[in-house]
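Descriptive structure summary
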Amino acid sequence: MTDIKVTKSQGSRIGNVDWNNLRFGVYFSDHIFVADYIGGKWGDFRIEPYGQMPMEPSLCTLHYGQSIFEGLKAFPDQNGGVNIFRPMMNAKRLNHSASRLCIPEFDENILIEGIEKLVELDKQWIPKAEGCSLYIRPVVYGSGNFLGVHASDTYRLIVMTSPVASYYPEGLNPVKILVTSDYVRVVRGGLGSAKTAANYAASLLGGMKAKEHGYAQVLWLDAISREYIDEVGAMNIMFVIDDTLVTPPLDQGTILAGVTRDTVLALAREWGIKVAERRIAITEIIEAHRNGYLKEVFGTGTAAVISPVGLLNYKDQDMIINNGEIGELSKKFYQTITGIQTGKVEDNHKWNNHINIEL
Ligand code: COI
């Protein structure tokens, strides 16, 4: 057990929450888990009230973006208690991102302990409604104050939580996605496999233009040939081509190793579905669509869960997928994964970290 000092907030802000209109990432729970890296080690593990944090104008992360983050979720278990879904995968990925951004690694077990304590303390913030959850957002950033371009000597880890509904306003209804070759998000040898602020900054302009034209998000192509599919940015992408579930591979270093991606692939293999992790040219998708082999397209992500894609637009040509309706397989993945997370489906894989608390 790690020594985590708890300072409770004076009064709660929970009364401000509109539980019938949660949306994504709008409300923040009463407490945060914090730790500092000073003098070459992580320490001063503590839980504090959520609130403003003092900052100097020379904070290096503001200037050079030495910042990484994660996203995971806690759910009420219908049989009692709370499930946090696959937190060790997120903790390991945080350290993968840390190594790419020259940030010192954080003990994975202490991170999970801090998260569990935080969730327990703010348990009344866990939404009960179907399709909702408590989103958990760990962030690590350089906390040094200087202007030279180099890695910080000091860092801060913060974990905040937020009661959320579905990421897209469409919910489980299919979204429209724009395939762009005007902008690129990441390059090989770059930051693509790290969950870091820069990747999201790079996606903003393309994303904004896509939204102006009625698309929920952008599907990014590789930065060199602008031919091969990478990911959507807020989620990985999967295609059902004929009888095979196809998704871009991790070995190019340009996409995030998604926890939901891994979960879907594991379930698909168990269900006897053919799976291929391989490069996919956008021309292959156009061809499969033209010939009637493109059965389903969906995104996978912690925030998005399973997000069916009803339309892809590439170079002003629309591809309508499955008549713009959610596909059978997308539905089955959604029901199985959310079922495991909420205790409705047996957790054979031990994916849930169960906390035995009364809600
Ligand atoms: C997640 O799925 O947890 C993400 O981080 C995606 C997005 C909200 C940044």
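Calculation criteria
Residues numbered from 1 in each chain as written. Predicted model: local features only at pLDDT ≥ 70, side-chain atom pairs only at ≥ 80, totals over all residues. Heavy atoms only, no water. Core = buried A, V, L, I, M, F, W, Y, C linked by side-chain atoms within 4.5 Å. Buried < 20%, exposed > 50% of the residue type's maximum accessible area, 1.4 Å probe, protein only. Helix = DSSP H or I, 4+ residues; strand = E, 2+ residues; numbered from the N terminus. Contact = heavy atoms within 4.5 Å. Patch = residues over 30% accessible without salt bridge, like charges linked within 9 Å, V, L, I, M, F, W, Y side chains within 5 Å. Areas by Shrake-Rupley, 256 points an atom, 1.4 Å probe, with all protein chains shown as cover. Salt bridge = Lys/Arg side-chain N within 4 Å of Asp/Glu carboxyl O. Lys, Arg positive; Asp, Glu negative; His and termini not counted. Polar contact = N/O pair within 3.5 Å; in protein donor to acceptor, adjacent residues only side chain to side chain. Near = heavy atom within 4 Å. Nonpolar A, V, L, I, M, F, W, Y, C, P; charged D, E, K, R; others polar. Domains from an automatic or database assignment. Buried area = accessible area lost by both parts, 1.4 Å probe. Pairing = 2+ DSSP bridges. Right-handed = clockwise from strand over helix to strand, strands pointing away.

1. Considering the nonpolar core
- Ranked by internal contacts, the top residues of the largest apolar core, which has 39 residues, are F33, W42, F106, V119 and L157.
- Contributing elements (two or more residues each) for this core: β2 (31-38), β3 (41-49), β5 (72-76), β6 (82-85), α2 (87-100), α3 (108-121), β7 (133-142) and β8 (155-164).
- When residues in this core are grouped by element, the largest group, five residues, is from α3.
- Those residues in contact with L157 that lie beyond four places of it in its chain are F33, V34, A35, W42, L94, F106, L111, V139 and V140.
- Judged by nonpolar contacts, the second largest core, of 27 residues, contains L221, V297, A304 and L312.

2. Some points on a nonpolar patch on the surface
- Nonpolar side chains collect at one region of the surface, where Y64, L147 and V149 lie side by side and expose about 340 Å² of accessible area between them.
- By the secondary structure assignment, L147 is in the loop between β7 and β8.
- We classify L147 as exposed; its relative accessible area is 57%.

3. Regarding unusual backbone geometry
- The phi dihedral of R226 falls on the positive side, at around 50 degrees, and the residue is not glycine.
- With respect to the helices, strands and loops of the structure, R226 is situated in the loop between β10 (217-220) and β11 (236-241).
- A relative accessible area of 33% places R226 in the partly exposed class.
- Even without glycine at this site, N322 takes up a positive phi of about 50 degrees.

4. Describing the side chain of D230
- With respect to the secondary-structure elements, D230 resides in the loop between β10 and β11.
- For the buried D230, no salt bridge exists, and the shortest N-O distance to an oppositely charged side chain is 5.9 Å, to R185.
- A distance of 3.0 Å separates the side chain of D230 from the side chain of T254, its partner in a polar contact.
- Setting aside residues no more than four positions away along its own chain, D230 makes contact with V186, W220, L221, D222, I237, P248, T254 and I255.

5. Re the side chain of S330
- Here S330 is to be found in helix α7 (residues 328-341).
- Note on S330: relative accessible area 1%, which makes it buried.

6. Topic: the site of the ligand
- Near the ligand you find F24, F69, G71, Y135, R137, Y167, K195, Y200, A234, T302 and A303, and these make up its full shell.
- Taking K195, its side chain carries an N or O atom lying 2.8 Å from an oxygen atom of the ligand.
- Here T302 contributes a backbone N or O atom positioned 3.3 Å from an oxygen atom of the ligand.
- Class assignment of the residues belonging to the shell around the ligand gives a composition of seven nonpolar, two polar and two charged.
- Counting the residues that make up the shell around the ligand, at least three belong to each of domain 1 (5-165) and domain 2 (175-341).

7. Examining the domain arrangement of the protein
- On domain assignment, one finds that the protein holds domain 1 (5-165) and domain 2 (175-341).
- Here the C-alpha centre of domain 2 lies 27 Å away from the C-alpha centre of domain 1.
- Every contact between the two is made by 22 residues of domain 1 and, on the other side, 21 residues of domain 2.
- Roughly 1800 Å² of surface becomes buried between domain 1 and domain 2 when both sides are summed, with 58% attributable to carbon and sulfur atoms.
- The largest share of the area that domain 1 buries against domain 2 comes from F69, F85 and R93, three residues that together contribute 32% of it.
- In this structure, the connection of domain 1 to domain 2 is made through one salt bridge.
- As a salt-bridge pair, D262 and R86 come within 3.0 Å of each other at their nearest N and O atoms.
- At the junction of domain 1 and domain 2, the tally comes to 14 residue pairs in polar contact (both at pLDDT 80 or more).
- Where the side of domain 1 that touches domain 2 is concerned, the elements lending two or more residues are β4 (67-69), β5, β6 and α2.

8. Regarding the pattern of salt bridges
- Taken as a whole, this structure holds 16 salt bridges when the rule is applied.
- The salt bridge partner of R46 is D44, with a shortest N-O separation of 3.3 Å.
- Under the relative-accessibility criterion, D44 is labelled exposed at 53%.
- Sharing partners across several salt bridges, the network here consists of D36, D44, R46, E48 and R156.

9. Some words on the pairing of strand β9 (residues 175-180)
- The buried count for β9 comes to five of six residues, which makes it a mostly enclosed element.
- Relative to strand β15 (residues 305-314), β9 runs parallel, the two being bridged by five bridges. Counted as the bridge partner of I177 is L312 from β15.
- When β9 meets β10, the two strands line up parallel, connected through four bridges. Looking at β10, one finds that L178 is bridged to V218.
- Between the parallel elements β9 and β10, the chain passes through helix α4 (residues 197-212) in a crossover that is right-handed.

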